[in-house]
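# Secondary and tertiary structure notes
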Amino acid sequence: MLKILNFFRGSVRVRLTSEYPERFINVCAQNRIALWDIERRGPDGLSASMLPGGYKRILPFAARGVGRIDITGRMGLPYFLLRFRRRYALLAGMALMSAALGALSLFIWEIDVSGNETVPREMILQKLGELGVGIGTYRGHIDSKEIQNLMILAIPELEWLAVNVSGSRADVGVREREPAPEIIPRDLPCNIVSRKDGLIISINTLEGAPAVTAGQAVEKGQLLVSGLINSNIVGLRRVHAMAEVTARTWYEYASVIPASAVGKRYTGREKNRYAVIIAGRRFSLYREGREPALGTEKTVERKTLRLGGSFTLPFTWVTETLTEYEPTEFAVSPASAAAFMEYALNRRLLYDSDGGEILSVSFKTAERNGVYLCEMSAECLESVAVTAPMP
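Residues numbered from 1 in each chain as written. Predicted model: local features only at pLDDT ≥ 70, side-chain atom pairs only at ≥ 80, totals over all residues. Heavy atoms only, no water.

## Topic: the nonpolar core
Note that soluble globular proteins tend to have their nonpolar side chains buried in a common cluster. Ranked by internal contacts, the top residues of the largest apolar core, which has 17 residues, are Ile 124, Leu 128, Ile 147, Met 151, Leu 161 and Val 172. Of all the elements in the fold, those that place two or more residues in this core are strand 5 (110-114), helix 6 (121-130), helix 7 (144-154), strand 6 (158-166) and strand 7 (169-176). With residues up to four places along the chain from it excluded, the contact list for Leu 128 reads Val 133, Ile 147, Met 151 and Val 172. One finds Phe 24, Cys 28, Leu 46 and Val 66 within the second-largest nonpolar core, a separate group that totals 15 residues. (Core = buried A, V, L, I, M, F, W, Y, C linked by side-chain atoms within 4.5 Å. Buried < 20%, exposed > 50% of the residue type's maximum accessible area, 1.4 Å probe, protein only. Helix = DSSP H or I, 4+ residues; strand = E, 2+ residues; numbered from the N terminus. Contact = heavy atoms within 4.5 Å.)

See the structure below:
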């Protein structure tokens, strides 16, 4: 910050020649004359930077024996503009450019969305545009609180949204709403059924009549605890069954991938295409030509012009690199195929077991008729109780 301030105020670089350079530093300190970037120049001299006003104040002390003080350089905006004091057209152009930059800083030229996982970024930007927040929007027209309320109504999947405007950049932070689990009211009679096949290990009934016992095999959808209770005192009544049921479950999966695959062999030929985006509109700086016979891989690099961290200009330079490649068939190694299939099957097991304890996992991999086959067997311990409305 101090360097920026000194740039606008201007500064001079001085060289002191004296038998006692320390006296110069002491005099500046006693008279509150700022010095910085002090460098020793031999036994009888030093160099330092100071403000122009400080240089004028130190000159009388030079005649009193402090030493000889010479200016070796002038830096900063005032001295830079002084070079063009007779070039009125250039000064007018710089003034117009400064005014244009000041006017552009009053509008939004970049919108960044963060925190979204399932809600598409394009949907959020579209709804913001419908509410008047988009590229080129005047900053003074953005009411963050109102936008937050309207966006939550427009996109029910959002639980929270905030629009923070900094310079010509708008940062949109969102938090998505977690889906509420389906809960059956306590006053509604229901049963407990099994959500998958398994072998009952333990059953702890809190409410209702158990229909199975430990050690019994059950199927998906089978009744575990009934909400229908018959007692000698009250008679037949229906309740909201509640129970904790743990079962041993088994999974068997299979995965196949070909023993050969098609990859890319790059030819070494590349082509760059350029475009510019001005205020959200794209202008291509190339002609659409005939696509090459071989395949091409396109990578896009965007560079937005910025002044500082928060002032974004409405200009984005786009560079598209087209890299030519030739489709090539290659053999997949057994180790790579096994690692890929085991990883995929493990991901599926974690999803299907739904947080249950995995007791054992085994794999069997073989090559048959030009494909790799991986068979997986797993044993888990998990909760299988799920609430079902009573018919």
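Anyway, onward from the coordinates.
## Thoughts on the sheet that holds strand 2 (residues 36-40)
Hydrogen bonding along the main chain pairs the strands of a sheet, whether they run parallel or antiparallel. Strand order in this open sheet of four strands is 2-3-1-4, and the pairing throughout is antiparallel. The outermost strands of the open sheet, each flanked by one partner alone, are strand 2 and strand 4 (68-75). Neighbour-to-neighbour, the strand axes of this sheet turn through a mean angle of 20 degrees, independent of strand direction. Here three bridges tie strand 2 to strand 3 (residues 45-50), and the two strands are oriented antiparallel to one another. Note that in strand 3 the partner of Arg 40 across the bridge is Leu 46. (Pairing = 2+ DSSP bridges. Axes fitted to C-alpha atoms, helices over the stretch in contact; angles between N-to-C directions.)

## A word on the confidence of the model for the protein
For the protein, per-residue confidence averages 85 on the pLDDT scale, and 94% of positions sit at 70 or higher. Within the protein, the element-level pLDDT minimum falls on helix 5 (residues 88-104), averaging 71, and the maximum on strand 21 (residues 371-383), averaging 95. (pLDDT = per-residue confidence, 0-100.)

## Here we look at helix 2 (residues 21-30)
What helix 2 keeps buried is the set Pro 21, Phe 24, Val 27 and Cys 28. Looking straight down helix 2, one finds its buried side chains confined to an arc of 115 degrees; they lie on one side. Projecting away from the buried face of helix 2 at angles above 90 degrees are the exposed residues Ala 29 and Gln 30. Next to the buried residues of helix 2 lie strand 1 (11-17), strand 2, strand 3, helix 3 (52-66) and strand 4. (Arc of directions from axis to C-beta.)

## Some thoughts on the pairing of strand 9 (residues 198-207)
Taken together, the two bridges between strand 9 and strand 11 (residues 217-218) define a ladder with antiparallel strand orientation. Across the sheet, Leu 199 pairs through a bridge with Ala 217, a residue of strand 11.

## Things to note about helix 7
Of all the positions in helix 7, only Ile 147, Gln 148 and Met 151 are classed as buried. Projected onto a plane normal to the axis of helix 7, the buried residues spread over an arc of 105 degrees and lie on a single side. Residues Lys 145 and Leu 153 are exposed on helix 7 and point more than 90 degrees away from its buried face. Looking at the buried residues of helix 7, the elements they touch are helix 6 and strand 6.

## Structural notes on unusual backbone geometry
Of note in the backbone geometry, Asp 37 takes a positive phi value of approximately 55 degrees without being a glycine. Checked against the element boundaries, Asp 37 lands in strand 2. Although it is not a glycine, Asn 369 sits at a positive phi angle of roughly 50 degrees. On the secondary structure map, Asn 369 appears in the loop between strand 20 (357-368) and strand 21.

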